[in-house]
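These are the residues of each chain, in order.
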Amino acid sequence: ILVDAGCQYAVWQRMFGVGLNINPDETNLLLAEQPLALQAQFDELIFEDFGFASVCKWPAPALAATGLGPAMVVDFGHEFTRICPVNYQSRSI
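Each chain carries its own residue numbering, running from 1 in the written order of its sequence. Restriction of local features to residues with pLDDT of at least 70 applies here, the model being predicted, together with a cutoff of 80 or more for giving and counting side-chain atom pairs; totals for whole chains, interfaces and linings are based on all residues. Note that water and hydrogens are dropped before the side-chain values are worked out from all heavy atoms of the structure.

Any chance you could explain the overall build of the chain here in plain terms?
Here a strand is any run of E in DSSP of at least two residues, a helix any run of H or I of at least four, and the numbering for each starts at the N terminus. Tallying secondary structure elements over the chain gives 3 helices and 4 strands in all. Sequence-ordered secondary structure for the chain, helices as α and strands as β, is α-β-α-β-α-β-β. When the 93 residues of the chain are sorted by exposure, 25% land in the buried category. Considering only contacts in the chain between residues 6 or more positions apart, those separated by 24 or more positions represent 53%. Note on areas: Shrake-Rupley, 1.4 Å probe, and residue coverage restricted to the protein chains presented here. In the form shown here, the chain has an accessible surface area of approximately 6,300 Å², with 58% of it arising from carbon and sulfur atoms. When a residue's accessible area, from a 1.4 Å probe over protein chains only, is under 20% of the maximum for its type it is buried; when over 50% it is exposed; and in between it is partly exposed. What makes two residues a contact is simply this: any of their non-hydrogen atoms within 4.5 Å.

Okay, structure coming up:
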C-alpha cells in the first residue's frame, strides 16, 4: 500500500533513471498492482510525475500465476504476506 508518495517517487526515480536507464515517455509500464492500493496516487506518479506513455495494471497474484492454471499465490513482502487463490483463467478469487 502506498503510504508516502514522496518516498515512492524517490525509489522509482532511482530505479527508472539509474537502475534501468529508461525514458518513461517512450516506455509502456506493466505494473503488478497490490489489492487495496491507492490507485489515484499511483496514476499521478505514473503519468504526471514520470510521464509514462501507457500503463497496464494487473493484480499481482493473477500476473504471477498467468498460464499456470489453478494456483495459490503466496506473496511475501517486507511488512506483510498475502495469499491469494487464482482460478483456471488466472483471475484472483
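From this point, the discussion proceeds with the structure in view.
How do you make sense of the packing of helix α1 (residues 5–19) against helix α2 (residues 39–49) when you look at a structure like this?
How two helices pack is summed up by the angle between their axes together with the distance between the axes. Helix axes are fitted only over the stretch in contact, all axes being lines through C-alpha atoms; the angle between N-to-C directions runs from 0 to 180 degrees. The geometry of α1 relative to α2 is characterised by a closest axis approach of 11 Å and an angle of 45° between their N-to-C directions. The orientation of α1 relative to α2 falls into the category oblique. Here α1 runs over α2; the crossing is right-handed. Taken together, the residues of α2 that come into contact with α1 (itself represented by Ala5, Gln8, Tyr9 and Trp12) are Phe42, Leu45, Ile46 and Asp49. Its residues assigned to classes, the contact of α1 with α2 shows 6 nonpolar, 1 polar and 1 charged. Note that the term roughly parallel is reserved for angles under 35 degrees, roughly antiparallel for angles over 145, roughly perpendicular for angles of 65 to 115, and oblique for everything else. Here is the rule for handedness: rotate from the far helix to the near one, and if that takes an anticlockwise turn smaller than a right angle the crossing is left-handed, while a clockwise turn gives right-handed. In this classification, Asp, Glu, Lys and Arg are treated as charged, Ala, Val, Leu, Ile, Met, Phe, Trp, Tyr, Cys and Pro as nonpolar, and every other residue, Gly included, as polar.

I tried to follow the nonpolar core on my own but got confused; where do I start?
Across soluble globular proteins, nonpolar side chains have a tendency to be buried as a group. By nonpolar core we mean a set of buried residues, namely Ala, Val, Leu, Ile, Met, Phe, Trp, Tyr and Cys, connected to one another through side-chain atoms within 4.5 Å. Of all hydrophobic cores here, the largest spans 9 residues; its members are Trp12, Phe16, Leu29, Leu31, Phe42, Leu45, Ile46, Phe50 and Phe52. Going through the elements one at a time, α1, β1 (28–33) and α2 are the ones with two or more residues in this core. Here this core takes 3 residues from α2, the largest share from any one element. Other than its neighbours up to four places away in sequence, Phe52 contacts Phe16, Ile22, Pro24, Thr27, Leu29, Ile46 and Phe47.

Quick question: what am I supposed to make of the confidence of the model for the chain here?
Detailed reading of the predicted coordinates is not advisable wherever pLDDT falls low. Summary of the metric used: pLDDT quantifies the predictor's per-residue confidence within the range 0 to 100. Put simply, the chain has an average pLDDT of 75, and 62% of its residues get 70 or more. Predicted confidence in the chain is weakest over strand β3 (residues 71–76), with a mean pLDDT of 66, and strongest over α2, with 85.

Honestly, unusual backbone geometry in this entry has me stumped. Any pointers?
Despite not being glycine, Asn21 shows a phi value in the positive range, around 50°. Note that Asn21 resides in the loop between α1 and β1.

I would appreciate a short explanation of the packing of aromatic side chains in the present structure.
One pair of aromatic rings is described through two measures. These are the centre distance and the angle between the planes. For this analysis, a ring pair means two rings from Phe, Tyr or Trp (six-membered ring only for Trp) whose centres lie within 6.5 Å, classed as stacked if their planes differ by under 30 degrees, edge-to-face if by over 60, and tilted for the remaining angles. This structure, assessed with the given rule, holds 7 aromatic pairs. On the numbers, 5.8 Å between centres and 55° between planes, the contact of Trp12 with Phe16 is tilted. With Trp12 and Phe16 both in helix α1, this residue pair falls 4 residues apart, about one helical turn. For the pair Trp12 and Phe16, one class covers both residues: buried. A connected cluster of aromatic rings, assembled from ring pairs, spans Tyr9, Trp12, Phe16, Phe42, Phe50 and Phe52.

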